[in-house]
Structure formats: C-alpha cells, structure tokens
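A look at the structure
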Amino acid sequence: MKRIVLITGATSGIGEACARKFAEDGYDVIITGRNANRLNTLKSELTTMGVNVKVLVFDVRDRNSAREAIESLSPDWNNIDVLINNAGLALGLEKEHEGDTDDWDTMIDTNIKGLLTMTRLVVPLMVARGVGHVINIGSVAGDAAYAGGNVYCATKAAVKVLSDGLRIDLADTAVRVTTIKPGLVETNFSVTRFHGDTERAANVYRGVEPLSGDDIADVALYAANAPKHVQIAEVLVLATHQANGSVISRKD
C-alpha cells in the first residue's frame, strides 16, 4: 500500500529536502506552500521518481484556506501517513523591546498557529484510521534564548511543548509524534530573517560547515520508518562545531 506524506513549507530548505527524500523512499507526496511556481517545479521533479504528487497552494497562517485545501483532498489522498509541520521562519534580530510587531505576528502565526491548524486538520484523520506520524520541525532555539532571538526562540519552545502535549494526548492511539530540533542549517532561513540581506545571511555560516536540509530530511525519514512500536520523541541535530544555540566554533 502506498504511503502518503504531507509537508508544509515545501518550496525550499528543509521542506523541499524532505519532499525529495520521502519521494526517493517511495512515498506519495503532498507538498504545500505559498509559491505555486516552486511547488509545481518540485512536483515535476518528484514525478520522475515514479511517485504521485499533489500540490496544495495556501498559507498556513490562513486557517480557512488550510481547511479548504485539506477538505479538497480526494479519498485516495486524505489517508495521510506522515504530517511534517515544517513551515516556519525567523524575522529580525532586534532586542525584544525594540522588535517589529509585524515580524512578531508573522512568526507566531506561522510557527505556532500554523502548526496547530495543520495538526487539528490532519491528526483526526490519522486517529480515525489508527495510524499516523506527526513530525514537527522545531529548533535548538527552543531550548534556550539567544541574543536577539526572543520571539523566534519562544515560538520554537512552543513547538517543543505542543509536540510533547500532542504525544500525551495520542498515547492511547497508534499515532506517533516526533520533534526534530535542528541547529545551524544553511537554507533560505537567514536570508528571510534579514529581509533579503544576503551578505548578512552568509555571515551566519562563516567559518563553520553547517547542516543542510538533506541532513534534517534524513532524520525525518529515519523517524518515520522506525518500527511501529518505536516512537522517536525528540532529536537534537547540530553541526559538529556547534555546541548549542549560541556557541559555535568558527575557523577563519
């Protein structure tokens, strides 16, 4: 029987890497995001791997659009085996008392409320079928705040706690919950954080070999393919020269 994975934020970075990795393993893939062109380009690539691909274009911040997208799935697509809540972002590095309130809203609405929306829409389908796996992409930033990280760190701390709470709520079912907490991953993350300043973004990875989206996708696939009696609850993944969210040894 075909397995189906739904990935939010699949237009780039970790989400895009997860789409490729799960497709390579034979999963049919539902890719979601805001950029239709990128999703359709990715669909064309994944289809060549011999899997079925469904594109859903919506913003996880828009609860009604998310609901309409999930409800539009035909019966052969709504048997979702794995939900990867990947959509998320950081904006700015200002001090908390000097922060941009619009940036705060975007991070909270995407990283927390968007994850909750997708969980509410998809997990009941899993419970009804008696099978499923939720993989939430958190961050080392959720373990402890770092300078300028305030609101972003808070949202990723929320991802960890929401995942833990969901795992408790689902303990009497066969649905598993995994939190993956990446450290320094070189994607469009920093470009987004610095509102398109590529030079400033590149400096984040100066002097250290960061993780890639593929590295995190490997962990997600491993967790999803673990034996059914094994629930990998939480994985912290750091670059070799990164000790935590703020300690990085750089080589000039």
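Residues numbered from 1 in each chain as written. Predicted model: local features only at pLDDT ≥ 70, side-chain atom pairs only at ≥ 80, totals over all residues. Heavy atoms only, no water.

Moving on: the overall build of the chain. From N to C terminus, the chain includes eight helices and seven strands. Counting only C-alpha atoms and orienting by the principal axes, one finds that the chain spans roughly 50 × 40 × 35 Å. Across the 252 residues of the chain, 48% fall into the buried class. Intrachain contacts of the chain at a sequence separation of at least 6 include 72% that bridge at least 24 residues. Surface exposure of the chain reaches about 11,900 Å², of which carbon and sulfur atoms provide 49%. Placing the 26 positive and 32 negative side-chain charges of the chain at their respective mean positions leaves the two points 3 Å apart. (Helix = DSSP H or I, 4+ residues; strand = E, 2+ residues; numbered from the N terminus. Buried < 20%, exposed > 50% of the residue type's maximum accessible area, 1.4 Å probe, protein only. Contact = heavy atoms within 4.5 Å. Areas by Shrake-Rupley, 256 points an atom, 1.4 Å probe, with all protein chains shown as cover. Lys, Arg positive; Asp, Glu negative; His and termini not counted. Charge placed at Lys NZ, Arg CZ, Asp CG, Glu CD.)

Assignment of secondary structure puts Gly-50 in the loop between helix H2 (36-47) and strand E3 (53-57). Gly-50 sits 38 residues away from Gly-88 along the chain, and the two C-alpha atoms are 29 Å apart.

The next thing to look at is the layout of surface pockets. For the second largest pocket, the calculated volume is near 180 Å³. What lines the second largest pocket is Arg-3, Tyr-27, Asp-81, Val-82, Val-131, Gly-132, His-133, Ala-174, Arg-176, Ala-224, Asn-225 and Lys-228. Split by residue class, the lining of the second largest pocket holds five nonpolar, three polar and four charged. (1 Å grid on protein atoms, 1.4 Å probe; cavity = no way out; pocket = protein on both sides within 12 Å on 5 of 7 lines; lining within 4 Å. Points joined across faces, edges and corners; volume = space filled by probe spheres on them. Nonpolar A, V, L, I, M, F, W, Y, C, P; charged D, E, K, R; others polar.)

Attention now goes to the pairing of strand E5 (residues 132-137). By the criterion of burial, E5 is predominantly enclosed, with six of the six residues buried. Side chains Gly-132, Val-134 and Asn-136 of E5 all project onto a buried face; the interleaved residues His-133, Ile-135 and Ile-137 project onto the opposite face, where all are buried too. Where strand E4 (residues 82-85) meets E5, four bridges bridge the pair, whose relative direction is parallel. Note on E5: the bridge partner recorded for Asn-85 is Asn-136. In this region the chain leaves E4, passes through helix H4 (residues 101-129) and returns to the parallel neighbour E5; the handedness of that crossover is right-handed. As paired elements, E5 and strand E6 (residues 175-182) share six bridges and run parallel to each other. When the sheet's bridge partners are listed, Ile-135 is paired in E6 with Thr-178. (Pairing = 2+ DSSP bridges. Right-handed = clockwise from strand over helix to strand, strands pointing away.)

A few words on the pattern of salt bridges. Under the defined criterion, the tally for this structure stands at 13 salt bridges. Between Asp-164 and Lys-160 there is a salt bridge, and its shortest N-O distance comes to 2.7 Å. Taken together, the residues Asp-164 and Lys-160, both in helix H5 (residues 150-169) and four residues apart, mark about one turn of the helix. With relative accessibility at 22%, the residue Asp-164 sits in the partly exposed group. Ionic contacts of the salt-bridge type, sharing partners, join the residues Asp-143, Lys-160, Asp-164, Arg-167, Lys-181 and Glu-234 into one network. (Salt bridge = Lys/Arg side-chain N within 4 Å of Asp/Glu carboxyl O.)

Right, let's get into empty space enclosed by the protein. Rolled over the atoms, a probe as big as a water molecule pinpoints where empty space is left. For the structure shown, the criterion picks out two cavities of 30 Å³ or more. In this structure, the largest cavity spans a volume of roughly 70 Å³. The wall of the largest cavity is formed by 13 residues, among which Asn-85, Asn-86, Ala-87, Thr-110 and Leu-115 lie closest to the centre. At the level of elements, H4 and H5 are the ones that each hand at least two residues to the lining of the largest cavity. In terms of residue count, H4 provides more of the lining of the largest cavity than any other element does, five residues in total. Of the residues belonging to the lining of the largest cavity, the class tally is six nonpolar, six polar and one charged. In this model, the second largest cavity occupies a volume close to 60 Å³. Of all elements in the fold, only H4 and H5 reach the threshold of two or more residues within the lining of the second largest cavity. Looking at which element gives the most residues to the lining of the second largest cavity, the answer is H5, with three residues.

Purely geometric stuff here, so don't read any function into it on its own.
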